[in-house]
Amino acid sequence: MLIRDVLANLRARGELSYSCVFFPPKTEEGHHTLRTTLDKLVAFAPSFVSVTYGAGGSTQDISLDVTRYIMETSGLPTLAHLTCVGASKVELAATIDRFAEAGVHNILALRGDPVAGPGTPWVTAEGGFTYAIELVEMLRERGDFSIGVSAFPEGHPESSSLDADAKVLADKQRAGADFAITNLFFSAHHYFDLVERAAKFGCDMPILPGLMPVTAYNQIERFTALSGAEFPTELAERFDAIKDDSEAVITLGIESTTELAQQLISGGAPGVHLYPLNRSRSTRAILTNLGVAATG
């Protein structure tokens, strides 16, 4: 089922979307962990799940295999990520056609991080795309895909201003995007400010907040470095006070993410998109706290 229809149906019934993302494993142990996690999370009947994409050939084939596996074994709408990194337009078109031939019609269109890593200059691949909107346009031209895009509550690091960044999001919708999933953030006001800014430019598609619970103290610095998100000082101090107690860190990660999700939902967010890091414990606890019941 196309995710645009899933979200529209939920909205019509006054229900929320709960979804999560997986990354392609590279080892047999990783595959086992993914299968176990998927089994546990499928019991919560997520609205859809997504699978990240390895740029430049690193895990592209595994990504497609994992996407097909999830679709075939769970029956859930599955969103495949696709980036512009290291690929020409011809190569991207071929990849899109491979997805379609495999029955994958939900795609998250991303520019992707620079090859040298976040914070380094973007280098367009020879014959490739510079902006995600170009990938959105190609997807819309090549078939009936439900297209998702990224959104940045605190602004894309390369954007000239928050308004300019919000206009880009609205432009992606006009180019054919059906919904957006945000980059990580840790304060609800950043999300609501983004929705308000984007609406000024005509963006009215669903914007799903992307949330990742802290499960280890050393993740905090990495999360903020990768996402560019501000980690609230008060919350950082709460984690710092228990940093040597791994169980307490996990518990606080669940509590703080639940609190954030509740604030977002109360404020009108259409649901939440969770990042389990291929492990289910925190995500299952958060969904339970939000009143989502497991069926098995």
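Scoring rules and cut-offs
Residues numbered from 1 in each chain as written. Predicted model: local features only at pLDDT ≥ 70, side-chain atom pairs only at ≥ 80, totals over all residues. Heavy atoms only, no water. Buried < 20%, exposed > 50% of the residue type's maximum accessible area, 1.4 Å probe, protein only. Helix = DSSP H or I, 4+ residues; strand = E, 2+ residues; numbered from the N terminus. Arc of directions from axis to C-beta. Contact = heavy atoms within 4.5 Å. Pairing = 2+ DSSP bridges. Axes fitted to C-alpha atoms, helices over the stretch in contact; angles between N-to-C directions. Parallel < 35°, antiparallel > 145°, perpendicular 65-115°, else oblique. Left-handed = near helix turned anticlockwise from the far one by under 90°. Nonpolar A, V, L, I, M, F, W, Y, C, P; charged D, E, K, R; others polar. Salt bridge = Lys/Arg side-chain N within 4 Å of Asp/Glu carboxyl O. Polar contact = N/O pair within 3.5 Å; in protein donor to acceptor, adjacent residues only side chain to side chain. Phe/Tyr/Trp six-rings, centres within 6.5 Å; stacked < 30°, edge-to-face > 60°.

Sorry if this is basic, but what is going on with helix H5 (residues 132-142) here?
Think of an α-helix as turning once every 3.6 residues; residues three or four places apart then point the same way. Where H5 is concerned, the buried positions are Ala132, Leu135, Val136, Met138 and Leu139. Taken down its axis, H5 places every buried residue within 165° of arc, on the same side. In this structure, the buried residues of H5 make contact with strand E3 (78-83), helix H4 (89-101), strand E4 (106-110), strand E5 (146-151) and helix H6 (162-175).

Just to check I follow, could you spell out the pairing of strand E9 (residues 271-274) for this structure?
Strand residues, when the strand is regular, have side chains that alternate between the two faces of the sheet. With burial as the criterion, each face of E9 is covered, one bearing Gly271 and His273 and the other bearing Val272 and Leu274. Bridge count for strand E1 (residues 17-22) against E9 is four bridges, and the pairing is parallel. Across the sheet, residue Cys20 finds its bridge partner in E9, namely Leu274. As defined by bridge partners, strand E8 (residues 210-211) adjoins E9 across two bridges and the pair is classed as parallel. Considered in E9, the bridge of Gly210 is made with His273.

When you look at the packing of H4 against H5 in this model, what are you seeing that I'm missing?
When two helices pack together, their arrangement is captured by the angle between the axes and the distance separating the axes. Direction vectors running N to C along H4 and H5 enclose 50°, while the axes themselves pass 11 Å from each other. Looking at the two axes, H4 sits oblique to H5. The two elements H4 and H5 meet at a crossing, and its hand is right-handed. Every residue of H5 that contacts H4 at Lys89, Leu92, Ala93, Ile96 and Asp97 is listed here: Leu135, Met138, Leu139 and Arg142. Grouping the amino acids of the contact of H4 with H5 by side-chain chemistry returns six nonpolar, no polar and three charged.

Quick question: what am I supposed to make of the pattern of salt bridges here?
Side-chain pairs of opposite charge can arise where the charged atoms are in close proximity. This model, assessed by the stated rule, comprises 13 salt bridges. Residue Lys167 is joined to Asp171 by a salt bridge in which the shortest nitrogen-to-oxygen separation is 3.0 Å. With a gap of four residues between them, Lys167 and Asp171 both fall in helix H6, about one helical turn apart. Salt bridges sharing partners connect three or more residues here, namely Arg4, Arg140, Asp144 and Asp178.

In this structure, what is going on with the environment of Ser19? I would like to understand it.
Along the chain, Ser19 falls in strand E1. Take Ser19: its relative accessible area is 4%, and that puts it in the buried class. The spatial distance from the C-alpha of Ser19 to the C-alpha of Leu277 is 13 Å, given a sequence separation of 258 residues. If near-sequence neighbours (up to four positions away) are discounted, Ser19 is found in contact with Pro46, Phe48, Val272, His273 and Leu274. Of note is the side chain of Ser19, whose polar atom sits 2.6 Å from the side chain of His273.

In this structure, what is going on with the packing of aromatic side chains? I would like to understand it.
Pairs of aromatic rings are described using the distance from one ring centre to the other and the angle between the two planes. Within this structure, the stated rule accounts for six aromatic pairs. Relative to Phe239, the ring of Phe231 has its centre 6.1 Å away and its plane inclined at 55°; by these criteria the two rings are tilted. A relative accessible area of 13% means that Phe231 is categorised as buried. Members of the aromatic cluster, each reached through a chain of ring pairs, are Phe185, Tyr191 and Phe192.

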